[in-house]
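Each chain is listed here by its residues.
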Amino acid sequence: MTSTTEQLSATTLLRFATAGSVDDGKSTLVGRLLHDSKSVLEDQLEAVERVSADRGQNTPDLALLTDGLRAEREQGITIDVAYRYFATARRRFILADTPGHVQYTRNMVTGASTAELAVVLVDARNGVVEQTRRHAAVAALLRVPHVVLAVNKMDLVGYEESVFAAIAEEFTAYASELGVPEITAIPISALAGDNVVEPSAHMDWYGGPTVLEHLETVPVSHDLTACPARFPVQYVIRPQTAEHPDYRGYAGQIASGVLRVGEPVTVLPSGRTSVIEGIDALGESVDIAWAPQSVTVRLKDDIDISRGDLIAPTATAPATTQDVEATVCHVADQPLTVGARVLLKHTTRTVKAIVKEIPSRLALDDLSQHPEPGRLVANDIGRVVVRTAEPLALDAYADSRRTGSFLLIDPQDGTTLAAGMAGESFASRAEDSPAADDEGWDF
């Protein structure tokens with residue numbers, strides 16, 4: 001007889017995030033998913049029922065299953081990203097329930113950065129609003145391959161097909177223009193449970209999947225081995241003991257691709273070359289390793305390698321650059337300005353940098369590029385050109401979400417300023433932008 005553990009080990013894993021405007025019902029949807037899929041422990045449900053009764057509610061407030069912070073429960077809003085883990089017989093899930101307020105867009109960036117699917121909620125009474133467009137834009141920027149439009153609170157509009165169709169058409173047109181590859185629209189009522197786990201008895205005009213059915217069947221592709229191999233060095237191991245007097249290994253997690261013993265490799269940014277002499281995984285020598293395994297790589301030649309260097313097969317090694325053109329989501333309260341001195345963190349490497357240009361800012365209402373020379377403020381999405389003090393081996397974000405992403409950090413206090421995606425995006429670079437005054441940081 002097959003055990004539950006064996007069954008789950010054979011299923012695939014889907015990472016997904018929920019997003020939407022305030023009071024669109026994200027936490028209620030998540031609570032309904034957990035409740036109706038029998039993923040809630042009995043004591044958790046009892047606690048929710050008790051708190052709901054104390055508030056004078058006749059039915060359990062399922063949003064309480066995800067709003068874990070005291071401030072969230074008191075205000076009835078989601079503030080921080082709430083991660084939940086659950087499973088069905090068909091698939092395992094890691095869910096990130098992200099806030100709806102504009103000032104918490106940074107949290108949505110965090111939750112969606114590793115997601116393979118995003119559920120964007122819309123209140124059927126309000127339709128597509130600015131925050132809906134913002135979340136669609138973030139999902140497109142982060143290259144989330146699947147987007148579900150969940151038109152919630154259909155019970156409050158009489159389950160009218162025309163209301164759903166108009167919202168679905170508007171959102172699909174907008175998201176398609178952003179380059180979202182797949183959009184699935186589902187009419188739901190998270191409060192009543194319509195089309196969340198069980199099909200709705202009130203919308204016989206809808207013949208598509210429920211939310212859970214779509215989550216269980218959507219194709220999941222996180223085969224990092226199909227990409228060129230990238231190995232950011234995290235730590236240099238040199239025991240210098242009697243047992244291992246000459247051991248020199250480079251430890252880290254394989255970001256993508258496959259590494260093989262005997263393969264010629266290039267160390268970046270120095271450009272020095274060598275051959276993989278050995279790979280150690282879990283204390284044993286292996287001939288091959290693949291993403292996302294954590295391993296120690298040994299090279300044939302003793303060359304200068306330190307944390308932040310990147311080892312890649314010579315045949316597919318990325319080019320290095322000191323001029324980074326990217327799209328960023330600005331997440332800090334203080335503005336990002338032309339000429340700002342920052343730190344750029346890419347994989348395990350952190351270097352000094354200057355913001356040389358901010359050519360444009362994206363207007364979410366019509367996707368136009370608004371010239372905004374000199375600054376981006378909190379929650380803005382825009383194009384930047386950054387000059388780094390040392391070469392970086394970046395891939396385009398479209399090719400690799402891991403090695404094409406970076407953070408801009410305030411060197412004074414370590415605050416994260418912006419999350420960046422290298423290369424082209426749906427935002428085009430404006431032509432004539434003023435140059436920065438970079439006196440004293442001549443790279």
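Okay, so let's go over this structure. Just so you know, these numbers come straight off a predicted model, no measurement behind them. (Residues numbered from 1 in each chain as written. Predicted model: local features only at pLDDT ≥ 70, side-chain atom pairs only at ≥ 80, totals over all residues. Heavy atoms only, no water.)

**Points about the nonpolar core**
Here is step 1 of the chain: Membership of the largest hydrophobic core comes to 62 residues, with the highest contact counts inside it found for Phe 16, Leu 33, Leu 117, Val 119, Met 154, Phe 171 and Leu 215.
Here is step 2 of the chain: It is helix H7 (residues 161–178) that contributes the most residues to this core, seven residues altogether.
Here is step 3 of the chain: Core analysis: the second largest hydrophobic core is formed by 22 residues, Val 324, Val 328, Leu 394 and Ala 422 among them. (Core = buried A, V, L, I, M, F, W, Y, C linked by side-chain atoms within 4.5 Å. Buried < 20%, exposed > 50% of the residue type's maximum accessible area, 1.4 Å probe, protein only. Helix = DSSP H or I, 4+ residues; strand = E, 2+ residues; numbered from the N terminus.)

**Observations regarding the environment of Thr 184**
Here is step 1 of the chain: In this fold, Thr 184 is placed in strand E6 (residues 182–187).
Here is step 2 of the chain: What makes Thr 184 buried here is its relative accessible area of 17%.
Here is step 3 of the chain: With 30 residues separating them in the primary sequence, Thr 184 and His 214 have C-alpha atoms 8.8 Å apart.

**Section: helix H2 (residues 26–36)**
Here is step 1 of the chain: Burial analysis of H2 places ten of its eleven residues in the buried class, the great majority of the element.
Here is step 2 of the chain: Restricting attention to buried positions, one finds in H2 the residues Lys 26, Ser 27, Thr 28, Leu 29, Val 30, Gly 31, Arg 32, Leu 33, Leu 34 and Asp 36.
Here is step 3 of the chain: Where H2 is buried, its residues contact strand E1 (12–20), strand E2 (82–87), strand E3 (91–97), strand E4 (117–123) and helix H8 (211–217).
Here is step 4 of the chain: Looking at the residues trailing H2, positive phi occurs at Lys 38, about 60°. (Contact = heavy atoms within 4.5 Å.)

**Considering the side chain of Asp 123**
Here is step 1 of the chain: With respect to the secondary-structure elements, Asp 123 resides in strand E4.
Here is step 2 of the chain: Non-local contacts of Asp 123, meaning those with residues more than four positions away in its chain, are made with Asp 23, Asp 24, Asn 152, Lys 153 and Ile 167.

**Thoughts on H7**
Here is step 1 of the chain: Over its 18 residues, H7 extends 26 Å from the first C-alpha to the last, a length consistent with the 26 Å expected when each residue adds 1.5 Å.
Here is step 2 of the chain: Three or more residues of H7 are buried, namely Phe 164, Ile 167, Ala 168, Phe 171, Tyr 174, Ala 175 and Leu 178. Considered in projection along H7, the buried side chains sweep an arc of 140° and stay on one side of the axis. For H7, exposure combined with an orientation more than 90 degrees from the buried face picks out Glu 169 and Glu 177.
Here is step 3 of the chain: Of the surrounding secondary structure, the elements contacted by the buried residues of H7 are E4, helix H6 (130–141), strand E5 (146–152) and E6.
Here is step 4 of the chain: Of the residues one or two after H7, Gly 179 is the one with positive phi, at around 95°. (Expected span 1.5 Å × (residues − 1). Arc of directions from axis to C-beta.)

**Topic: the pairing of strand E23 (residues 381–392)**
Here is step 1 of the chain: Note: strand E17 (residues 321–330) against E23, eight bridges, orientation antiparallel. Following the sheet pairing, Val 328 is matched in E23 by Gly 382. (Pairing = 2+ DSSP bridges.)

**With respect to the packing of aromatic side chains**
Here is step 1 of the chain: In the structure shown here, the tally under the stated rule is five aromatic pairs.
Here is step 2 of the chain: When the centroid spacing of 4.8 Å and the interplanar angle of 20° are considered together, the rings of Phe 86 and Phe 93 count as stacked.
Here is step 3 of the chain: Phe 93 sits in the buried class, given a relative accessible area of 2%.
Here is step 4 of the chain: Aromatic rings pair up to connect Phe 16, Phe 86 and Phe 93 into one cluster. (Phe/Tyr/Trp six-rings, centres within 6.5 Å; stacked < 30°, edge-to-face > 60°.)

That's the geometry; what it means functionally is another story.
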